Each structure stands twice: as C-alpha cells, then as structure tokens.
Amino acid sequence: MIYPAQLPVFNESNSLENEVLRFLSEPEEGRFEPLALAIFNHQRDANPVYAKYCQHLGIPDRIDSWKRIPAIPQIAFKRSEIRSFPAQQTKTEFRTSGTTGEGHGKHFLPSLRLYEAAVLEGWANFRLPRHRLVLLMQHPDDAPFSSLSRMGDILAGSRRDRFVLGKNGGLELDRLQEEINDREKPLTLFGTALAFLNLFEIYPDLRLECPPGSLAIETGGFKGSGRDIGQRALYEQLSLRLGLPIESIWNEYGMTELTSQFYSNGIGRSHRAPPWLRFQVIDPDTNEEASPGEIGLLRIVDLANLWSVQAVLTQDLAIAQADGGFLLLGRDPAALPRGCSRAMDELIRFASVLSPK
C-alpha cells in the first residue's frame, strides 16, 4: 500500500519511520522485538522527559525484551509535552477531550504518515470492509485537535460529505436518513458511543433499516458526559434502531495518546491487536504482568507511536484472554502502579522546566 507523501521527517529517525511503515504493511513476527528495542533506544535518546523517567525507574542502558520497555502513564500526556522530535517541527497536535478536570492530554506529531498507515492497515488487518462511510463526527476543519475526526477523514478519502455532524455538533438527520435509505450498497456508520446515544435520545422514535451487509463501529466515549450505558444495552439499541445484527456492531478501542487501534465485534468479546501492537495486563501492586485471569491495568506497546513514546500504561482495566486478546472492563483513574508514582512526580517536575511557556 502506498501512502501520500507528507511533511519532511528528520534525518535521525527517517530510517526508523520507514522501518515501521514497512512493518505495518508487511509484518513479520521476528522483526517486532528488534524494531521495538530500536525505537526504545531512539526515544530514550531523543526525548529528555522519557530519559529522565527511565532514569528514575532505574532502567539499565540495554534491555532485551519489548516487555521491559518502560511505559509512560497515560496521565503524563496531560502533565508534560512528550516528544521524540524537536518541538519546532510539530505539525499536528491531537488533544483528549479534557473533560475530567485535569486539562487536555496532547499528542504531537511532525508527520501524519504513520497515523494514516496505522489507520488504513488496521482496517485491512481486520478485513473491515471499505463501504461508503457515514461519520457521526465533525470534520477535521471543525475539530482540528480530534484524532478521531482525522481518522474518519483518512478512511473517507477526505470527503467532507461523509460527515453528518456540523460545526456546532448538530446532527444532519436528513442526510443520515438519505444515506441509510439508499439500499444499493452497504454502509458503515462510525462514531462515538455517545454520538449514537445522543441520536437515540433526541429521536426516541427513530427506526432505520441499514442495507444488508452494513456495519456500525462505536468508539466508546462517555468520559465526562455524566452518562453511561452498558455494552449490551447499547448494542441492543443499535441493533433495534439501525436494523443490524449484534455481530455487525464493532468497537474500536484507541486513544489520543496512541497511533493505532484495537477492535472487537459483538458483545463481551476480546479486543484484538494488529501485528504492530502488543499489550500486557499489569498488576498495579507489583508492576509486573498479572497472572492469567487476573484483572490489571492495560499496558500497550505501539510501534507506530514513534514520535512520542511507544509504551503507554493506560488507566483501563482488562483481563488477558486465551485467544490472545483482552477483555476490556473499564477505567480506573485512581490506579497507578507502585514504583511509578515517584518517577511520575519527577517526570512532572522535570517536564515543567523543559516545556515552553
């Protein structure tokens, strides 16, 4: 797959970017760990905040496994600017919603090449059909800091008419109904769980019948809204209101702080990763991998996160599954593994000195 040329990248990391792009399109199991370790060495050299964090964790100069790559806590993206490239080369800034009272998490990129590749190859990996898209989200022109809007734009081939939320966030219901009433070809409805929930609450009598073979993909996204709904209840609503079988409803699990995404379909099924992602479930008491069947915090290594840090410790609870995926349980915002707390405090203090005012 050929990706459009983007902005210039840097001589010192151009080869790594090309290696990651090659792995995304032509993954080989034996290449994952050497590439992950090369990225770790690069990020430790190029990112002073990450270097300081590794120092306070006592990480040796050389490590021999991707499982030993230290993960930055997700909250660090709210407290500091995590870059593995010169700040003046920043071209794109993605932000979290910032609805939890702690400000926005920020993810900076000098190029969208890896982001585009991860989105497109991720869909190809899961054989998600490239149907005509209906995006229950705003266009990137109206939501320039939204990684989800950018993802939708990439998948839609930069067609603004695929977006049915306007600049003020209002739903263009007539266009949505027109797309669904077109029975010639299947479609994919893609949006946050909250967008679907809002649709059903605003139009309680709405009943639509998607063409055969259609999909719905929801991304979660109740954080800070004061509302929540269980997966089963949401999927039953989606099935009833959109005329879709439960198995045709997917969840995309991603976050602003990562470049790549996990996917699952149906109710209560594992989230699975494309080949350039790895995960562990971490026991917060020991900072080590949890025993099989035990609940822990989800730790993710994403090769495509070349421009920040590839290893991120999330605030999400999960259980590793025998099929190689994980069962996502929800968020535990208070959990930070022992041993990370002091290093996290040091990172915040150090980053406050480095960050531009």
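Every chain is numbered independently, its residues counted from 1 as its sequence is written. At least 70 in pLDDT is required for a residue's local features to be given in this predicted model, at least 80 for side-chain atom pairs to be given and counted, and no such filter applies to totals for whole chains, interfaces and linings, which use all residues. No hydrogens and no water enter the side-chain calculation; it runs on all heavy atoms of the structure.

## Regarding the environment of Arg207
Where we set the bar: The secondary structure listing takes helices from DSSP runs of H or I that are at least 4 residues long and strands from runs of E that are at least 2 residues long, numbered from the N terminus. Only protein chains enter the accessibility calculation, which uses a 1.4 Å probe. A residue is then buried if its area is under 20% of the maximum for its type, exposed if over 50%, and partly exposed in between. By the convention used here, residues are in contact when the closest approach between their heavy atoms is within 4.5 Å.
Tracing the backbone shows Arg207 in the loop between helix 8 (193-202) and strand 7 (215-218). Taking relative accessible area as the criterion, Arg207 reaches 48% and is therefore assigned partly exposed. Through-space distance from the C-alpha of Arg207 to that of Leu240 is 7.5 Å; in sequence the pair is 33 residues apart. Contact partners of Arg207, with chain neighbours within four places excluded, come to Leu240 and Arg241.

## Some remarks on the pattern of salt bridges
Formally: By salt bridge we mean one thing: a side-chain nitrogen of Lys or Arg within 4 Å of a carboxyl oxygen of Asp or Glu.
Tallying each qualifying case throughout the model produces 17 salt bridges. Across the pair Glu289 and Lys67 runs a salt bridge whose closest N-O atoms are separated by 3.8 Å. Here Glu289, found in the loop between strand 10 (277-282) and strand 11 (296-302), pairs with Lys67, found in the loop between helix 3 (48-57) and strand 1 (72-73); they are 222 residues apart in sequence, far enough to count as distant. Residue classification places Glu289 among the partly exposed positions, given a relative accessible area of 43%. On the accessibility criterion, Lys67 (37% relative accessible area) is partly exposed. Through salt bridges with shared partners, a single network forms among Arg132, Arg159, Asp161, Arg162 and Glu179.

## Here we look at the environment of Leu306
Examined against the element boundaries, Leu306 turns out to sit in the loop between strand 11 and strand 12 (311-320). Judged by its relative accessible area of 0%, Leu306 is buried. Taking the C-alpha atoms as reference points, Leu306 and His42, separated by 264 residues in sequence, lie 8.9 Å from one another.

## Considerations on helix 7 (residues 173-181)
Put simply, the test is: By definition, the arc is the one covered by directions from the helix axis to the C-beta atoms.
Burial in helix 7 covers these residues: Leu173, Leu176, Glu179 and Ile180. An end-on view of helix 7 places all buried positions within 125° of arc, on one side of the element. Exposed and oriented more than 90 degrees from the buried face of helix 7 are Asp174, Glu178 and Asn181. Elements in contact with the buried residues of helix 7: strand 4 (132-138), strand 5 (163-165), strand 6 (187-191) and helix 8.

## Concerning the nonpolar core
The test is simple: Definition used in this section: a nonpolar core is a set of buried Ala, Val, Leu, Ile, Met, Phe, Trp, Tyr and Cys residues joined via side-chain atoms within 4.5 Å.
In this structure, Ile69, Trp123, Met151, Phe190, Ile300 and Leu303 are the most contacted members of the largest nonpolar core, which totals 76 residues. For this core, the leading source of residues is helix 5 (residues 113-125), giving seven residues. Residue contacts for Met151: discarding those within four places in its chain leaves Tyr115, Val119, Trp123, Phe190, Glu252, Gln261 and Tyr263. Ranked by size, the runner-up nonpolar core spans 23 residues in total, among them Leu176, Leu189, Leu206 and Cys210.

## Here we look at the packing of aromatic side chains
The cut-off we apply is this: Ring pairs are drawn from Phe, Tyr and Trp, using the six-membered ring of Trp, whenever the two centres fall within 6.5 Å, and their geometry is named by plane angle: stacked under 30 degrees, edge-to-face over 60, tilted for the rest.
One pass over the structure, following the stated rule, counts 11 aromatic pairs. Note on Phe279 and Phe326: the rings are 5.0 Å apart at their centroids and 70° apart in plane angle, and the pair reads as edge-to-face. Residue Phe279 is found in strand 10, and its partner Phe326 is found in strand 13 (residues 326-331); the two are separated by 47 residues along the sequence. Classification of Phe279 as buried rests on a relative accessible area of 16%.

## Some thoughts on unusual backbone geometry
Its identity is not glycine, yet Arg127 carries a phi of approximately 55°, on the positive side. Of note, the phi angle at Asn287 is positive, near 65°, even though the residue is not glycine. When you line up the elements, Asn287 lands in the loop between strand 10 and strand 11.

## Re helix 2 (residues 29-46)
Keep this limit in mind: What a helix is expected to span follows from its residue count: subtract one and scale by 1.5 Å.
In a regular helix each residue adds 1.5 Å, so 18 residues correspond to 26 Å; helix 2 covers 26 Å between its end C-alpha atoms and thus fits that length. Burial in helix 2 covers these residues: Arg31, Phe32, Leu35, Ala36, Leu37, Ile39, Phe40, His42, Gln43 and Arg44.

## Re the pairing of strand 9 (residues 262-265)
Here is the rule we go by: A strand pair is defined by DSSP finding two or more bridges across the two strands.
Neither face of strand 9 is open: one carries Phe262 and Ser264, the other Tyr263 and Asn265, and all of them are buried. Across four bridges, strand 8 (residues 249-253) lies against strand 9 in antiparallel orientation. Bridge pairing in strand 9 links Trp250 to Asn265.

## Focus on the sheet that holds strand 6
To be explicit about the condition: To obtain an axis, a line is fitted to C-alpha atoms, over the contacting stretch when the element is a helix, and the angle between two such axes runs from 0 to 180 degrees between their N-to-C directions.
Strand order across the open sheet formed by six strands is 5-4-6-7-8-9, with mixed pairing between neighbours. The sheet terminates laterally at strand 5 and strand 9, the two strands that pair on one side only. Strand-to-strand twist of the sheet, defined as the mean angle between neighbouring strand axes without regard to direction, takes the value 20°. Pairing between strand 4 and strand 5: two bridges, direction parallel. The partner of Leu135 across the bridge, within strand 5, is Phe163. The sheet strands contacting helix 8 are strand 4, strand 6 and strand 7, and the helix crosses strand 6 at an angle near 100°. Running at roughly 135° to strand 8, helix 9 (residues 231-242) makes contact with strand 6, strand 7 and strand 8 of the sheet.

## A closer look at the environment of Leu109
Here Leu109 is to be found in strand 3 (residues 106-109). Owing to a relative accessible area of 4%, Leu109 belongs among the buried residues under this scheme. Sequence separation between Leu109 and Thr92 is 17 residues; the distance between their C-alpha atoms is 5.1 Å. Ignoring anything within four residues of it in the chain, the contact list for Leu109 reads Phe85, Thr90, Lys91, Thr92, Phe94 and Trp307.

That's the geometry; what it means functionally is another story.
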